Structure formats: C-alpha cells, structure tokens
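Listed below, chain by chain, are the residues.
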Amino acid sequence: MKNLRTLFTALALCGALLTACDDDNGVELPPPYENEADASVWFYQGTIKVSEQADGSTYTEDDLVVKLVFNDERTRCNIVMYNARFAGNMPVRLDIVINGADVTVTDTGYRITGDGIVPLYGMGGSWPQMPEYTLTGLTVTADTRAVKLSSKFGTFPVEYSAEAFEPADGAYGDEGEEFELPEPVPPPSDATYDGVFTVFSSTGPETDELQVGLTFDDYGFCKIILYKATFTPWLPPGDGMPRMDIEIDGVKCGIDPLGNYTLTGDDIMPVAMGKEFDDYIVSGLHGSITGDHLQFSMTCGTTPAAYDGLVSEQEEE
C-alpha cells in the first residue's frame, strides 16, 4: 500500500511538471503576448473569412496581420491590413488602410465602428481609393490580447479574428500612422422632398406619393421624417399602422468620393406622435443625396421599403 501511495504521488508531481513545462524540452512556456495598453499601435495576426464568393463559398486565410493605430485621445482609429486579399483568385495582395473609424472605450478595451468609409490601397508609393469596397457596418472589438472585426467590404461580408502579435523590428511600415482626422462633413441644408414611397409586401409592391423631410445637425447625423406615412398600406384602416408623421432619427450622413452625400443607419427605432414602434425597427438604411435628388432604401421590421424623390417645388420658390 505504501508503494502504491508513493506511485500516485510521483504521478501527480509529473502531471504538475508537464502542465508548467513544454513537452519537448522542459522549458517553461511564456505567457501569451499582449499589446502594451498605453501604446498607440497594436498588432494582431489571425484568420480572415470572406463570404459570398462567386461560387457561393467562403474564402478563408490564416496569418493575416492587422494593425490598429489610435489617436492620442483614443477617439479615432486607423486600421491597416497587410498583404490582404478577398478571394483565392485575386491576382495581387494589397496593403489596405481604413481611416478614421470611431472609437468607444469599453470595460475591457475598445469598440471601433464606422460606416461609409472608403478604404485605400498601396500602389507604388501612392494610396488610391477603393470605392467599390466601401465599408458598411464596420464593428471591431479589441483589447490588448485579441481582436474581432466584421464589416461589409462593398458586397463582401468579411470577418476577422486574431490574437495579439509582436512583429520583428522593421517588418512592417508606418502605414496609417500619420494620423489625420477626417474633415467634418458639412451638412446639406434641411429640405423637403416630393416623391414615391414603395413598400414591398408579400402581395407585391405598394406605392404611395409621399413628402419626406430631412433635418441635419452639426455632428454628421440627420433625421428623416415621412409625412402622413404608413408601413402597412395594404391593410385596411384599423388593422395596420395608421398614417402618421414618422421620424427616423440618428441617420449617419457622409460624403462619397464623388462628393455626393450618403445616408446610412441601422437598428433605429421609428417614432410617431411620441410613441416608439418597435415592430418596425429600421435596419439596413442606405441612401444618397445627389443635387436635388433623394433616394434611400431600408427594412422596417421585416418589410423592405424605398423612397425616390426631388426637392419640393414649393421649397424652391
């Protein structure tokens, strides 16, 4: 019995040693690498997944290096992807820079978001824009140990997850580190539009002549007001949503490479007569203002809708 207890004790000690040491050479394993919390540049290395390839598959690649560059105030972040590509048959790899994403401090690190950001790519020392890969719905969670990113690059849904990474000295350049905040978007004038509002029901499209108002603040956001509108025009009065002035507030306003205004919004609660309508939460709102022309599309609850109009003639007089 004494020999048996001695054997169990020896086995337990071996297990403890194996847990603390590398199996091959007995060297104690180092702790996982972490970015320095107060540094302005963080590196990660991990896996990118790009959905909706031409053949319906998902392109996956490991060991993609991403750099986050924070401004001193930790309110903006530039994101750099090194030697990236979005498909297996993409002929060249590109260094891609995503400038000026918004940063929010969380309990564990940072939340980085952006919409309508036009990425840049390295080409012979210059950095042309890539408007066909404009980012929508960019969401990043990052701490000193790991990062997760999701966004649409043009029409491609992209996901990236990685762990902190310490590159060799001089392995990567200073792309994205000349930090310049994007110029504030000058808001267009408040305006009222006359046009056609289309709601796509299960029985087909329902069109309605509708006035829409836009009001802008000084921080890059606007409010869309649908006058005397309903999201259920196919239902008889009393069965669906009554006609009301519906407000969609907190829509992001930006500028595309051609100088046109862009409108984007997601997860917005519509309000009418002081009441919130949680059955019709607005998602996937995308639109543009080109001269006197306003157009946008969105989903109201589960119902797709779109608007196309011109500045009201009464307002032009």
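Residues numbered from 1 in each chain as written. Predicted model: local features only at pLDDT ≥ 70, side-chain atom pairs only at ≥ 80, totals over all residues. Heavy atoms only, no water.

**Considerations on the overall build of the protein chain**
Part 1 of the reasoning: If you tally the helices and strands in the protein chain, you get 2 helices and 19 strands.
Part 2 of the reasoning: Here the protein chain holds 317 residues, and 38% of them are scored as buried.
Part 3 of the reasoning: About 18100 Å² of surface is accessible on the protein chain, with carbon and sulfur atoms providing 50% of the total. (Helix = DSSP H or I, 4+ residues; strand = E, 2+ residues; numbered from the N terminus. Buried < 20%, exposed > 50% of the residue type's maximum accessible area, 1.4 Å probe, protein only. Areas by Shrake-Rupley, 256 points an atom, 1.4 Å probe, with all protein chains shown as cover.)

**A word on a negative patch on the surface**
Part 1 of the reasoning: Together, Glu36, Asp38, Glu166 and Asp169 line one region of the surface with negative charge.
Part 2 of the reasoning: If you trace the backbone, Asp38 turns up in the loop between helix H1 (2-20) and strand S1 (41-50). (Patch = residues over 30% accessible without salt bridge, like charges linked within 9 Å, V, L, I, M, F, W, Y side chains within 5 Å. Salt bridge = Lys/Arg side-chain N within 4 Å of Asp/Glu carboxyl O. Lys, Arg positive; Asp, Glu negative; His and termini not counted. Charge placed at Lys NZ, Arg CZ, Asp CG, Glu CD.)

**Some words on the side chain of Asp143**
Part 1 of the reasoning: Of note, Asp143 is situated in the loop between strand S7 (135-142) and strand S8 (146-153).
Part 2 of the reasoning: Despite being buried, Asp143 has no salt bridge partner; Arg145 is the closest side chain of opposite charge, sitting 4.2 Å away.
Part 3 of the reasoning: Polar side-chain contacts of Asp143 include one of 2.8 Å to the backbone nitrogen of Ala146.
Part 4 of the reasoning: In contact with Asp143, other than residues within four places in its own chain, are Trp42, Tyr44, Thr108 and Gly109. (Polar contact = N/O pair within 3.5 Å; in protein donor to acceptor, adjacent residues only side chain to side chain. Contact = heavy atoms within 4.5 Å.)

**Points about the packing of aromatic side chains**
Part 1 of the reasoning: All told, the structure shown has 11 aromatic pairs when counted by the stated rule.
Part 2 of the reasoning: Each ring, one from Tyr82 and one from Tyr172, has its centre 4.7 Å from the other, and the planes form 50°; the classification is tilted. Of this pair, Tyr82 sits in strand S3 (residues 76-84) while Tyr172 sits in the loop between strand S9 (156-164) and strand S10 (191-201), and the two are 90 residues apart along the sequence.
Part 3 of the reasoning: A relative accessible area of 5% means that Tyr82 is categorised as buried. (Phe/Tyr/Trp six-rings, centres within 6.5 Å; stacked < 30°, edge-to-face > 60°.)

**Some points on the pattern of salt bridges**
Part 1 of the reasoning: Inspection of the entire model under this criterion finds 5 salt bridges.
Part 2 of the reasoning: Linking Arg93 and Glu61 is a salt bridge whose minimum nitrogen-to-oxygen distance equals 2.6 Å. One end of the pair, Arg93, is in the loop between S3 and strand S4 (94-105); the other, Glu61, is in strand S2 (residues 59-70), and 32 residues separate them in sequence.
Part 3 of the reasoning: Under the relative-accessibility criterion, Glu61 is labelled buried at 14%.
Part 4 of the reasoning: With a closest N to O distance of 3.6 Å, Lys223 and Glu247 form a salt bridge. Here Lys223 is found in strand S12 (residues 221-229), whereas its partner Glu247 is found in strand S13 (residues 244-255), with 24 residues between them in sequence.
Part 5 of the reasoning: Take Lys223: its relative accessible area is 22%, and that puts it in the partly exposed class.
Part 6 of the reasoning: The class of Glu247 is partly exposed, set by a relative accessible area of 31%.

**Some details on the pairing of strand S5 (residues 110-114)**
Part 1 of the reasoning: What you see with S5 is a clean split: Tyr110, Ile112 and Gly114 sit on the buried side and Arg111 and Thr113 on the side with no burial.
Part 2 of the reasoning: Both S4 and S5 contribute to a ladder of 4 bridges, which runs antiparallel. Each residue of the ladder has a partner; that of Val103, found in S5, is Ile112.
Part 3 of the reasoning: Hairpin connection from S4 to S5: 4 residues lie between these consecutive antiparallel strands.
Part 4 of the reasoning: Taken together, the 5 bridges between S5 and S7 define a ladder with antiparallel strand orientation. Along S7, the bridge assignment pairs Ile112 with Val140. (Pairing = 2+ DSSP bridges.)

**Description of the environment of Ala305**
Part 1 of the reasoning: Tracing the backbone shows Ala305 in strand S19 (residues 303-311).
Part 2 of the reasoning: In this structure Ala305 comes out as buried when scored by relative accessible area, which is 5%.
Part 3 of the reasoning: Separated by 100 residues in sequence, Ala305 and Pro205 have C-alpha atoms that sit 8.9 Å apart.

**Some remarks on the side chain of Thr198**
Part 1 of the reasoning: Tracing the backbone through its elements, the reader meets Thr198 in strand S10.
Part 2 of the reasoning: Contact partners of Thr198, with chain neighbours within four places excluded, come to Pro205, Glu206, Thr207, Pro304, Ala305 and Ala306.

**A few points about the nonpolar core**
Part 1 of the reasoning: In this structure, Leu68, Ile79, Ile112, Leu138 and Tyr160 are the most contacted members of the largest nonpolar core, which totals 36 residues.
Part 2 of the reasoning: Of all the secondary structure elements, the ones that give two or more residues to this core are S1, S2, S3, S4, S5, S7, S8 and S9.
Part 3 of the reasoning: Beyond its immediate sequence surroundings of up to four residues, Tyr160 is in contact with Tyr44, Gln45, Gly46, Thr47, Ile48, Leu64, Val65, Val66, Val147, Lys148 and Leu149.
Part 4 of the reasoning: In this structure, Leu210, Phe231, Tyr261 and Leu263 belong to the second largest nonpolar core, which totals 35 residues. (Core = buried A, V, L, I, M, F, W, Y, C linked by side-chain atoms within 4.5 Å.)

By themselves these figures say nothing about function.
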